[in-house]
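Examining the three-dimensional arrangement
Each chain, letter by letter, is given below.
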Amino acid sequence: MKITSFNVVPNLPENLKALNELTENMWFTWNWDAIMLFVGIDEDLWHRSHRNPKWMLGALPPERFEALSRDQAFLEKLEKIKNKFDAYMNCPDTWFSKNCPPDMKDFTAAYFSMEYGIGEGLPIYSGGLGMLSGDHLKTASELGIPVFAVGLLYRKGYVQQVLNRDNWQVERYPENDWYNMPVQIVNDSSGNPLRIDLNLAGENVQVGIWRVPVGRNSLFLLDTNLPENKAHVRSITEQLYGGDRENRICQEIVLGVGGARALEAMGVNPSVYHVNEGHSAFLLFERIRQFMKNRKISFEEAKEAVWSSSVFTTHTPVIAGNEYFDFELVRKYMESYSGELGISWPEFLEIGKEEPSSTTFCMTILALRLCAFLNAVSRLHRDTTRDMWQKIWSGLAKYEIPIYGITNGVHTCSWISHEHLDLYKKYALRDSQSIEDLPENCDWQKIMDIDDREFWEVHMSRKNKLINMIIRERMQRQYKRLGADATVLEEIKNVLNPGYLTIGFARRFASYKRANLIFRNPDRLLEIAASDKMPVQFVFAGKAHQADAFGKEIIKEVARYSMDKKFKQRIVFVEDYNMNVARYMVQGVDVWLNNPVRPLEASGTSGMKAVINGVLNLSVLDGWWMEGYSSQTGWAVGGLENYRDDAERDYVESESIYNLLQKVIAPLYYDRGEDGIPHGWIKMMKNSIVRLVPEFNTNRMLKEYWEKFYGRAYSMNKRLLDNGKVMELAKWRKKIRDNWQKVKVVLEPFKPMMEIHSGAKIPVKARVWLGDLTPEDVDVQVHIGSIDGDVFFKQGTSFSMGCESHQGDAWIFRGDIVCVKSGKHDFAVRVVPKHPDIVHPYMPLFIKWNDEGS
């Protein structure tokens, strides 16, 4: 049977045409005026659409359009918002335009991620990675940084969670109706849908491209669900993180290789590529292939250009969480591709192996090797990541491993409640005429001047909305579905009390996040929750991965306690956690609880979202909270100690939570003035906002990426490609490789005085053999610090020695150690490569320490 399809679009009256443009750009997701415009059209349809205005317009009857076209107040509001949108899109004075050097005005970046959480109406996200990617794009638009993002168009949307009668999580996967979502097919110059070709295990695959406008920038989504493809190929982009290992590698080839080809086919030539997590790392090979083809250069030359202009962000603090593929699976899909790169199959595999004996190909290793600019997502995560991957840099001190920490942030206007936004604008907005919004256009210190009663009333309004509009309504729907009787449904109308101290916990139910830690001592928890004088209530939400049975067991345990009559309905589990539920929770609870196993929370951003709305954090000192915590901004669960085992850790940290809630947090919350306002609590809320919001936002994060990575990567890219230096650099690399076995450094006998005073200089002399290398090819350094036992340096710094003379077949280098601090010092001399056109000398790592191998 041949099926013919066609697409119907709403027939808007002329004076409503502006609605089309507003529904097509995700700008509306972080602009409250635009959201309220859509709510005013039909509030019920808005909620049924999952905040997708394009679907909502398609479902409106013609008579409603007719009525709106005659509604003068609505038309004035529409014109005002459309003017605001146009001013935003055409604004020439962005942060980037003001801060970008004149010779970098053609800068563009490509950003690749497996998922994006931009809005509920575009369900292509799963968790924190997607939220971060979405906030990254929104902020790039806000700052005016030109970014082309690439992802996959999943036929089945974000998993819907349903709890059955036994409180067991069951998954549903709604089909996405892309023709009623804010996406547009990308066409070629002839007006036909643009296609790119991929070879997957010898089979030709067609990939379509869809565009999502995100403010001033674009997100391009790749789609294999096309009539031209066979059924098994069409299923590649069916589901986020779905399918078996073979489907996963196909997804990552489509994302990485296909994404790079899609940008090339659209005539987009980014100067910098950002690999957000290892899923898309195959794009680095495709960039090499494109450089080889377009510039007629070798693999090694193209690799230099790619390495120096690529950024990699890792989010995963455990080895098992990184992407590994069996060699045979990689061979099936990539062996012929390695031939296009002009390298042998063993050479291809080596790039993804952690060490020569490795038996799997790791996407994280691939990205670490082919990107010069590497970062973790908090300072603690930086240290964890250096520990995880130190084998790649064997011979280098951990603190010198070139993985840096750029702490995540959140997009302020996406997560702030409109009541808080109005309040902050009233008291702290710097320039009411500026197109800039929070956090740039805000004097945060003025938050302290807000009247306590006004501040508390805003907070309580959000708390009431969370309880009435999210918790009670969702529980009503859930229990009706399960066949609950009228008595139970009536009881739900009184679940939770807005006046009680409310603790929120919402995140993925992975075992390391320990959602059930608070239940370790049920009697102690009951004493806290059921207290008559200082009652405490708990709101839980979150989903387990569909294959994570242990995570589902935790959900079942939490849900079981929520049904226990002893707790007086002071524990609830909110079914089907999504962006909208998350937003209401971070805007409406009193305290945000986070208790992962340290240091397994790479960054964590939900607590940052809570802070924007004055919610206080109670968290383990992990991820961002290690940087954000102070006694004036929240509470720390446990400390930095190491435990004998998991049981001891869980005992100590659960007791810490109980003690803080019972002895510190609840007393502060219930300490009311004569006016009934908790002034001490409010002071802490304000302190938290003033100290944390200006720092933990994606504006700061993107600026940091620009200053540390993007700008430097752009300059290196231009320097190597425009001046033809990649050939020279590749030759130099070969020269280093060919001669490094001959490099040797010997420290001349060192006999310091018996007593050395601070400020003295100690001369150091080294004899260095370089083979056919010259002193200009290397940096001979004194590394001074303190050693970790008898093994290696645990801290230290390096300074370069100068070449003094040539004696026989060796070079003489000298330098002075300046004694600044008193105490014992350890030092050694080492040799590393040096070239003016490399970002750093540590990849690939060539290093020789004194007397090594002698």
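So, a few notes on the structure that sits alongside this text. (Residues numbered from 1 in each chain as written. Predicted model: local features only at pLDDT ≥ 70, side-chain atom pairs only at ≥ 80, totals over all residues. Heavy atoms only, no water.)

**Quick look at the pattern of salt bridges**
Tallied over the full model, the rule gives 59 salt bridges. The salt bridge partner of Lys-54 is Glu-24, with a shortest N-O separation of 3.2 Å. With Lys-54 in helix 4 (residues 53-59) and Glu-24 in helix 1 (residues 18-24), the pair connects residues that are 30 residues apart, well separated along the chain. With a shortest N-O distance of 3.2 Å, Glu-120 and Arg-583 are connected by a salt bridge. Residue Glu-120 is located in the loop between strand 1 (109-112) and helix 8 (128-143), and its partner Arg-583 is located in helix 23 (residues 579-588); the two are separated by 463 residues in the primary sequence. (Salt bridge = Lys/Arg side-chain N within 4 Å of Asp/Glu carboxyl O. Helix = DSSP H or I, 4+ residues; strand = E, 2+ residues; numbered from the N terminus.)

**Observations regarding helix 22 (residues 549-562)**
The end-to-end C-alpha distance of helix 22 is 20 Å, a good match for the 20 Å that 14 residues give at a rise of 1.5 Å each. Of all the positions in helix 22, only Gly-551, Lys-552, Ile-554, Ile-555, Val-558, Ala-559, Tyr-561 and Ser-562 are classed as buried. Tucked into the core, helix 22 has its buried residues touching strand 3 (160-163), strand 4 (169-172), helix 21 (522-529), strand 16 (536-541) and strand 17 (571-574). Looking at where helix 22 begins, the residue whose side-chain oxygen comes 3.3 Å from the main-chain nitrogen of Phe-550 is Asp-548. (Expected span 1.5 Å × (residues − 1). Buried < 20%, exposed > 50% of the residue type's maximum accessible area, 1.4 Å probe, protein only. Contact = heavy atoms within 4.5 Å. Polar contact = N/O pair within 3.5 Å; in protein donor to acceptor, adjacent residues only side chain to side chain.)

**Remarks on the packing of helix 10 (residues 245-265) against helix 13 (residues 327-341)**
Describing two packed helices takes the angle between their axes plus the distance from one axis to the other. At a closest axis distance of 9 Å, the pairing of helix 10 and helix 13 adopts a crossing angle of 25°. The angle between the axes of helix 10 and helix 13 places the two elements in the roughly parallel class. In terms of crossing hand, the pair formed by helix 10 and helix 13 is right-handed. Contact with helix 10, carried on its side by Arg-245, Glu-246, Ile-249, Cys-250, Ile-253, Val-257 and Arg-261, involves Leu-329, Val-330, Lys-332, Tyr-333, Met-334 and Tyr-337 of helix 13 and no other residues of that element. Class assignment for the residues of the contact of helix 10 with helix 13 results in nine nonpolar, no polar and four charged. (Axes fitted to C-alpha atoms, helices over the stretch in contact; angles between N-to-C directions. Parallel < 35°, antiparallel > 145°, perpendicular 65-115°, else oblique. Left-handed = near helix turned anticlockwise from the far one by under 90°. Nonpolar A, V, L, I, M, F, W, Y, C, P; charged D, E, K, R; others polar.)

**Digging into the packing of helix 2 (residues 32-41) against helix 6 (residues 72-90)**
Packing of helix 2 against helix 6 brings their axes to within 10 Å, and their N-to-C directions diverge by 150°. When the interaxial angle is binned, helix 2 and helix 6 end up roughly antiparallel. For the element pair helix 2 and helix 6, the recorded crossing hand is left-handed. The segment helix 2 lies against helix 6, with Asp-33, Ala-34, Leu-37 and Ile-41 engaging Phe-74, Lys-77, Leu-78, Ile-81 and Lys-84. When grouped by side-chain class, the residues that make up the contact of helix 2 with helix 6 number six nonpolar, no polar and three charged.

**Focus: helix 28 (residues 698-722)**
A maximum bend of about 45° is found in helix 28 at Trp-706. Of all 25 residues in helix 28, 18 are buried, a share of seventy percent or more. Its side-chain oxygen 3.0 Å from the backbone nitrogen of Asn-699, Asn-697 forms the N-cap of helix 28. With its phi angle positive at about 65°, Gly-724 sits one or two positions after the end of helix 28. (Bend = angle between axes of the 7 residues up to and from the residue.)

**With respect to the sheet that holds strand 26 (residues 810-818)**
Strand order in the open sheet formed by four strands is 21-22-26-25, with antiparallel pairing between adjacent strands. In the strand order of this sheet, the two ends are held by strand 21 (744-747) and strand 25 (802-807), each with one partner. Direction aside, the axes of adjacent strands within the sheet are offset by 30° on average. For strand 25 and strand 26, the ladder comprises five bridges, and the chain directions are antiparallel. Residue pairing for strand 26: Ser-805 is matched across the bridge by Ile-812. (Pairing = 2+ DSSP bridges.)

**Observations concerning the packing of aromatic side chains**
In the structure shown here, the tally under the stated rule is 40 aromatic pairs. Their ring planes at 85° and their centres at 5.2 Å tell us that Tyr-669 and Trp-681 sit as a pair that is edge-to-face. Linking Tyr-669 in helix 26 (residues 646-669) with Trp-681 in helix 27 (residues 679-692), this pair joins segments that are twelve residues apart in sequence. Members of the aromatic cluster, connected to one another through ring pairs, are Phe-96, Phe-107, Phe-373, Tyr-705, Trp-706, Phe-709, Tyr-710 and Tyr-714. Geometry around Phe-505 places Arg-507 over its ring, the cationic atom sitting 4.6 Å from the centre. Above the ring of Trp-307, the side-chain terminus of Arg-733 is found at 5.2 Å from the ring centroid. (Phe/Tyr/Trp six-rings, centres within 6.5 Å; stacked < 30°, edge-to-face > 60°. Lys NZ or Arg CZ within 6 Å of the ring centre and 35° of its normal.)

**Some remarks on the environment of Val-275**
With respect to the helices, strands and loops of the structure, Val-275 is situated in strand 9 (residues 272-276). Not counting the four nearest positions on each side in its chain, Val-275 is found in contact with Phe-112, Ser-280, Ala-281, Leu-283, Leu-284, Val-311, Phe-312, Thr-313 and Cys-371.

**A word on the pairing of strand 13 (residues 373-376)**
Of the two faces of strand 13, both are covered, the one formed by Phe-373 and Asn-375 as well as the one formed by Leu-374 and Ala-376. Note that strand 10 (residues 310-313) and strand 13 share three bridges and pair parallel. Residue Val-311 lies in a different strand from strand 13, and its bridge partner there is Phe-373. Relative to strand 14 (residues 403-405), strand 13 is paired through three bridges, and the arrangement is parallel. Across the sheet, Leu-374 pairs through a bridge with Ile-403, a residue of strand 14. The parallel pair strand 13 and strand 14, bridged by helix 16 (residues 379-388), forms a crossover whose chirality is right-handed. (Right-handed = clockwise from strand over helix to strand, strands pointing away.)

**With respect to unusual backbone geometry**
Across residues other than glycine, the phi torsion is negative in most instances, and most of the peptide bonds are trans. With omega at 10°, the peptide bond leading from Arg-598 into Pro-599 counts as cis. Along the chain, the position of Pro-599 falls in the loop between strand 18 (591-594) and helix 24 (606-612). The amide bond that connects Met-843 to the next residue, Pro-844, takes the cis arrangement and shows omega of -10°. One non-glycine residue, Asn-167, lies in positive phi territory at about 65°. Turning to its location among the elements, Asn-167 is positioned in the loop between strand 3 and strand 4. With a phi close to 65°, Leu-496 is a non-glycine residue in the positive phi region. Inspection of the secondary structure puts Leu-496 in the loop between helix 20 (486-492) and strand 15 (501-506). For Leu-496, a relative accessible area of 6% gives the class buried.

**Section: the sheet that holds strand 20 (residues 634-637)**
Taken in spatial order, the six strands line up as 17-16-15-18-19-20 in an open sheet, and their pairing is parallel. One side of each edge strand has no neighbouring strand; the edge strands of this open sheet are strand 17 and strand 20. Mean inter-strand twist for the sheet, computed between neighbouring axes without regard to direction, equals 20°. In terms of strand pairing, strand 19 (residues 616-620) meets strand 20 through four bridges, oriented parallel. Along strand 20, the bridge assignment pairs Leu-618 with Trp-635. Sitting on the sheet, helix 22 touches strand 16 and strand 17, and the angle it makes with strand 17 is about 135°.

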